2 protein chains.
Amino acid sequence: MNNSEQPVIAVIGLGLLGASLGMALRGGAYRRSGWTRRPNIRRWALDCDVLDETCDDIESVLNRADLTLIALPIPEILHYLKQYAHAWRPGTVVTDLGSVKSCVMEAAAEHLAPRGVHFVGSHPMAGTEKSGPESAFPELYGNADVFVCPFPDSPAFAVEQVEALWRSIGTRTTRIDAKRHDDLVAHTSHVLHIVASALALSVLGAPDAQTRAERFAGCATGFRDTSRIASSNPLMWREIVEHNRPAVLAAMRDFEEKYDSFKRMIESGDFDRFEREFAQGKLLRDSWVEYKNR
Amino acid sequence: MNNSEQPVIAVIGLGLLGASLGMALRGGAYRRSGWTRRPNIRRWALDCDVLDETCDDIESVLNRADLTLIALPIPEILHYLKQYAHAWRPGTVVTDLGSVKSCVMEAAAEHLAPRGVHFVGSHPMAGTEKSGPESAFPELYGNADVFVCPFPDSPAFAVEQVEALWRSIGTRTTRIDAKRHDDLVAHTSHVLHIVASALALSVLGAPDAQTRAERFAGCATGFRDTSRIASSNPLMWREIVEHNRPAVLAAMRDFEEKYDSFKRMIESGDFDRFEREFAQGKLLRDSWVEYKNR
């Protein structure tokens, strides 16, 4: 730990998630250090009380950190773990907030573990369809669930440091192993983005101008919400799906099973069953809403 | 027209849509009459300034109306058009707000046209996943698009009366024929409900308790919005899909084409194309958001 009384957390990357975390940590237990590639965003972070300190040189930031959180896209997390492994002090703890965990844990096992740097993955279930520091806000993580992915041999103190970070901003943590996590989020998040995008394309991408004008007028709040995440960052979602292919394809098959079943009921005219299935979906979703509002 | 200076509009059915319309028409050009099956809801409507007048007897309400709006589920619209055709005065205008228009227009042609009662269909693109008078609010129709479906031989004054009603509460109207309307809303609304329900079922309906608990924790705002309309009324959506089968199946095929195309890109590893397609969906949706906020 550094000379001051507060542990130093380094937030690497100040996009929507990193900058919102800096904001959420205001007045908390940590001294907030951090770094991002663009110097003007580093200055903005100091000016707007997103960070307490920064440095032009990422290696100095990492070296000073008791706890590091890498808030970057998946390919960059993989790159930074390799490129800057030497910069962390042995015994310090590193986490991330990537949407896919297996590939990140593999990179951490290869590059960080041999140096005695403890990696514990994180994935907060929070975000919007927007990106960049200009979209950040301190309440982004409010009431979120956060998955924490230790290695089987992670020391307890490292896992607890990461959990303590997340709990300090009011989120709930659940421990889960990386592969199980990746299967899970393929269902609860990744497949939704593919479906939302396919809906946006099939509803709004009409062949002629009149139909397109009518489709634009014919979409209302149902479309707005169902398709919202189709407005997400294409490169980010390409990278997430690309790094979680088998799990995403499995989640797609689960969706197709339910979808195809509805289709067969409509084709065969079995609307009693259609109504029962739809009611079952409503029951499940209503109980999820209750769970989230608890 | 009745003795008072204001034309009388009769709102039949005081669920989410009917009651919200009564609220939206407060202080407007119409004397608001209305009827619904349950006497306590009729009393509530008077107490809460949803209607100016009502009557225990629906036929008296219809007979006094210059313009009638039937705000009931599809099967009941069909039933009321047949059952109460004799109650309207010839020359008066009737509209509805059913989500499917072809079957309603056929019933109106059969039962109302021979009596000189003018039917012009309406479909406001407004609603929530809730239902019932307790969910009503005066802003429900704010900024909505409303499709108005005349017959080829509808008199201009009848169409204009219906359009004037909708414009008086700040909505935009578009004329469209019934079949084209039904194809349209199959895409912009009906298919979304099937997809949302299939997502809720496949994401939350996990086989074992641990997976289900993790799935509940793993769903966040993306799931909340993508699946919101899965919480809609199962009977109502059964009836809508049941009365618009061929168009719904066609809209499903259009969705599947885009979905299957994403799936093939993921299977074959063509992520450059995945990113381009996702970007195209984002572009379309972002331009729709701009259109809606204009």
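Provided above is the structure to which this section pertains.
Described in the following lines is the structure provided in the data block. (Residues numbered from 1 in each chain as written. Chains lettered and ligands numbered in written order. Predicted model: local features only at pLDDT ≥ 70, side-chain atom pairs only at ≥ 80, totals over all residues. Heavy atoms only, no water.)

## Observations regarding the sheet that holds strand 1 (residues 8-12) of chain A
Residues and elements named next belong to chain A.
Working step 1: One open sheet holds the 5 strands; their spatial order is 2-1-3-4-5, and the pairing between them is parallel. Of all the strands in the sheet, the pair left with one neighbour each is strand 2 (31-35) and strand 5 (118-119).
Working step 2: The pairing of strand 1 with strand 2 spans 5 bridges and is classified as parallel. From the neighbouring strand, A10 faces strand 2, where its bridge partner is S33.
Working step 3: Lying over the sheet, helix 4 (residues 74-83) contacts strand 1, strand 2, strand 3 (67-70), strand 4 (93-96) and strand 5, oriented at roughly 145 degrees with respect to strand 3. (Pairing = 2+ DSSP bridges. Helix = DSSP H or I, 4+ residues; strand = E, 2+ residues; numbered from the N terminus. Contact = heavy atoms within 4.5 Å. Axes fitted to C-alpha atoms, helices over the stretch in contact; angles between N-to-C directions.)

## Comments concerning the relation of the copies chain A and chain B
Working step 1: Overlaying chain A with chain B gives an RMSD of 0.0 Å, the required rotation being 180 degrees about an axis along which the chain moves by 0.0 Å. What the rotation and shift describe, once combined, is the action of a two-fold rotation axis. In terms of proximity to the rotation axis, the leading residue of chain A is T226 of chain A, whose C-alpha is 1.9 Å off the axis.
Working step 2: Here 100% of the contact residues of chain A are again contact residues in chain B; the copies associate through an equivalent surface. (Least-squares fit on C-alpha atoms with pLDDT ≥ 70 in both.)

## A short note on the nonpolar core
Working step 1: Residues L81 and F255 of chain A together with L81 and F255 of chain B are the most contacted members of the largest nonpolar core, which totals 144 residues.
Working step 2: In this structure, F255 of chain A is in contact with V191 and V195 of chain A together with V195, A198, L199, S202, F255 and Y259 of chain B, ignoring residues within four places of it in sequence.
Working step 3: If you look at the next biggest cluster of nonpolar residues, it comprises 32 residues, including V50, V93, L165 and W166 of chain A. (Core = buried A, V, L, I, M, F, W, Y, C linked by side-chain atoms within 4.5 Å. Buried < 20%, exposed > 50% of the residue type's maximum accessible area, 1.4 Å probe, protein only.)

## What about helix 12 (residues 271-292) of chain B?
Working step 1: For helix 12 of chain B, with 22 residues, the first-to-last C-alpha span of 31 Å sits near the 32 Å given by 1.5 Å per residue.
Working step 2: Looking at where helix 12 of chain B begins, the residue whose side-chain oxygen comes 3.3 Å from the main-chain nitrogen of R273 of chain B is D270 of chain B. (Expected span 1.5 Å × (residues − 1). Polar contact = N/O pair within 3.5 Å; in protein donor to acceptor, adjacent residues only side chain to side chain.)

## Details of the interface of chain A and chain B
How big an interface is tends to be stated in terms of accessible area lost as the parts join.
Working step 1: Contacts between chain A and chain B engage 86 residues on the former and 86 residues on the latter.
Working step 2: Summing the contributions of chain A and of chain B, the shared interface buries around 8,500 Å²; its carbon and sulfur component is 68%.
Working step 3: Here chain A is connected to chain B by 10 salt bridges.
Working step 4: R180 of chain B is the partner of E214 of chain A in a salt bridge, and the nearest nitrogen-oxygen pair spans 2.8 Å.
Working step 5: Scanning the region where chain A abuts chain B turns up 40 residue pairs in polar contact (both at pLDDT 80 or more).
Working step 6: Mapped onto the side of chain A that touches chain B, the elements with two or more residues apiece are strand 7 (145-149), helix 7 (178-204), helix 8 (209-218), helix 9 (221-226), helix 10 (234-242), helix 11 (245-268) and helix 12 (271-292) of chain A.
Working step 7: Of the residues contributing to the side of chain A that touches chain B, the split by class is 39 nonpolar, 22 polar and 25 charged. (Buried area = accessible area lost by both parts, 1.4 Å probe. Salt bridge = Lys/Arg side-chain N within 4 Å of Asp/Glu carboxyl O. Nonpolar A, V, L, I, M, F, W, Y, C, P; charged D, E, K, R; others polar.)

## Re the packing of aromatic side chains
Any pair of aromatic rings gets described here by the distance separating the centres and the angle formed by the planes.
Working step 1: All told, the structure shown has 21 aromatic pairs over all chains when counted by the stated rule.
Working step 2: With 5.5 Å between their ring centres and 55 degrees between their planes, Y259 of chain A and F255 of chain B make a pair best called tilted. Residue Y259 of chain A is located in helix 11, and its partner F255 of chain B is located in helix 11 (residues 245-268); the two belong to separate chains.
Working step 3: With relative accessibility at 3%, the residue Y259 of chain A sits in the buried group.
Working step 4: For F255 of chain B, a relative accessible area of 1% gives the class buried.
Working step 5: Pairing F274 of chain A with F278 of chain A gives two aromatic rings, centres 6.2 Å apart and planes at 20 degrees, and the pair type is stacked. Here the residue F274 of chain A and the residue F278 of chain A both occupy positions in helix 12, the gap between them amounting to 4 residues, near one helical turn. (Phe/Tyr/Trp six-rings, centres within 6.5 Å; stacked < 30°, edge-to-face > 60°.)

## Quick notes on the side chain of S197 of chain B
Working step 1: The residue S197 of chain B is located in helix 7 (residues 178-204) in this model.
Working step 2: For S197 of chain B, a relative accessible area of 0% puts it in the buried group.
Working step 3: With near-sequence residues (within four places) excluded, S197 of chain B lies in contact with F262, E277, F278 and G281 of chain A together with A230 of chain B.

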